[in-house]
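Architecture and fold: a report
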Amino acid sequence: MDSGCGIPCINFSKDPKDLVEGSEGWKKLCIQVREACANYGGFRVVYDKVPDELHEEMLKGLEELFDLPDETKMKNSGSVHHGYLGKFEGQPLYESLGIHNAPILEQSQAFTDLMWPNGNPAFCQTLNSMSRMMQELEGLVRKMIFESLVVKHYYDSHIKDNDYLFRVMKYSAPFTDDWTLGLSPHTDQDLITILYEDRQGLEILSKEGQWLQVVQQPKTFVVMVGKTLMAWSNGRMHTPKHRVMVKGEKDRYSYGLFACLKEGVIVETPKELVDKDHPLLYRPFNYRDYIQYLRANFYLDSALDTFAGTGGEV
């Protein structure tokens, strides 16, 4: 594990046997993943199961997608988390679209049919294939976290309670050599985020209060812990605040898979993660109710603590 570039980088592709559950390599990866998520809130992961050609097709498709008229992109409506977002006051360079449960082919097709009058079969297949591969990676990371916390027996039921949001993002070129804000500092509210970027710009705030630049490398995704997993793990996993900075004359593209819970699921910390040294930090709460509270109190930096906190310190 290398941490010389801001946040740790863990290689899932060094030896295929490392991804065999129960192997010595697997056990070592589980420890590295847990430590990275506890100390930094995430890590970079080398994962070569996604072909380079698929990344290229995805980025080419995003250029075509974001070149569509604004009125077309705004058809991607829905909740604030799933619909079209962009060109806000204070961060006019950012825009994005969300596809609910993109790993399901019918959902990817519904999105591309909405954006293009005659559909876009090629991009539909690319979108669906990429989201399924990123879903596989997310499941792998989560299984490692659960095993390292010795709560692996919760994994299957936890996965069954999942929904997935696949979000595609564009940051327009600022045409300056100075770093410019592309996306304001924030924390993700999901379980785990898997992110791919085509160039530099993502920064993660360390526990010491320093912005760490996440170095983009080929075949490398970024993994980040969301607030929901942080609460479920009783604070053992850290949720990092992060932002995106941009510069230069080229547009920046990225795409991410956000693993979240289905509406109505109760977030409850396993009893195995509560003891005298780790008192309960969050009472059980309904995920849907929390998201509704968050939308009404988006200005609160500590919305989860206000909504479900017991008064302990994370």
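- Looking up the chain in an unreviewed UniProt entry gives the name 2-oxoglutarate-dependent dioxygenase DAO, with the organism given as Papaver somniferum.
- Quoted verbatim from the Sequence similarities (unreviewed entry) heading of the UniProt record, the comment on the chain is "Belongs to the iron/ascorbate-dependent oxidoreductase family."
- Per UniProt, the chain has the following entry under Function (unreviewed entry): "2-oxoglutarate-dependent dioxygenase essential for auxin catabolism and maintenance of auxin homeostasis in reproductive organs. Catalyzes the irreversible oxidation of indole-3-acetic acid (IAA) to the biologically inactive 2-oxoindole-3-acetic acid (OxIAA)."

**Points about the UniProt feature "domain: Fe2OG dioxygenase" (unreviewed entry) in the chain**
- What UniProt calls "domain: Fe2OG dioxygenase" (unreviewed entry) maps, in this numbering, to residues 161-261.
- Each end of residues 161-261 is marked by a C-alpha atom, and these two atoms are 6 Å apart; helix forms 6% of the span and strand 56%.

**Points about the packing of aromatic side chains**
- Scanning the entire structure with this criterion turns up 14 aromatic pairs.
- Seen in terms of ring centroids, Y94 and Y171 are 5.4 Å apart; in terms of plane orientation they differ by 45 degrees. Their pairing is tilted. Of this pair, Y94 sits in strand β4 (residues 91-100) while Y171 sits in strand β5 (residues 162-171); the two residues are 77 residues apart in sequence, bridging distant segments of the chain. Across this residue pair, the class does not change: Y94 and Y171 are buried.
- Geometrically, the ring pair formed by Y196 and Y255 is stacked, given 5.3 Å between the ring centres and 25 degrees between the ring planes. Note that Y196 is positioned in strand β7 (residues 192-197) and Y255 in strand β12 (residues 252-261), a separation of 59 residues in sequence.
- Using a relative accessible area of 8% as the deciding quantity, one classes Y196 as buried.
- Residue placement shows R243 over the ring face of W211; its charged tip is 4.1 Å from the ring centre.
- The residue whose ring lies beneath R283 is F307, and the NZ or CZ to ring-centre distance is 5.4 Å.

**Digging into the pairing of strand β2 (residues 42-46)**
- Counting buried positions along β2 yields five of five residues, so the element is predominantly enclosed.
- Judged by which residues are buried, β2 turns out to be covered on both faces: G42, R44 and V46 on one side and F43 and V45 on the other are all buried.
- Pairing between strand β1 (residues 9-11) and β2: three bridges, direction parallel. Counterpart to N11 in the pairing with β2 is V46.
- Handedness of the crossover joining β1 and β2 through helix α1 (residues 24-39): right-handed.
- Here β2 pairs with strand β10 (residues 220-225) via five bridges, running antiparallel. Its bridge partner being in β10, V45 is matched across the sheet by F221.

Conventions used here
Residues numbered from 1 in each chain as written. Predicted model: local features only at pLDDT ≥ 70, side-chain atom pairs only at ≥ 80, totals over all residues. Heavy atoms only, no water. UniProt positions renumbered as here; feature names shortened; annotations may be inferred. Helix = DSSP H or I, 4+ residues; strand = E, 2+ residues; numbered from the N terminus. Phe/Tyr/Trp six-rings, centres within 6.5 Å; stacked < 30°, edge-to-face > 60°. Buried < 20%, exposed > 50% of the residue type's maximum accessible area, 1.4 Å probe, protein only. Lys NZ or Arg CZ within 6 Å of the ring centre and 35° of its normal. Pairing = 2+ DSSP bridges. Right-handed = clockwise from strand over helix to strand, strands pointing away.

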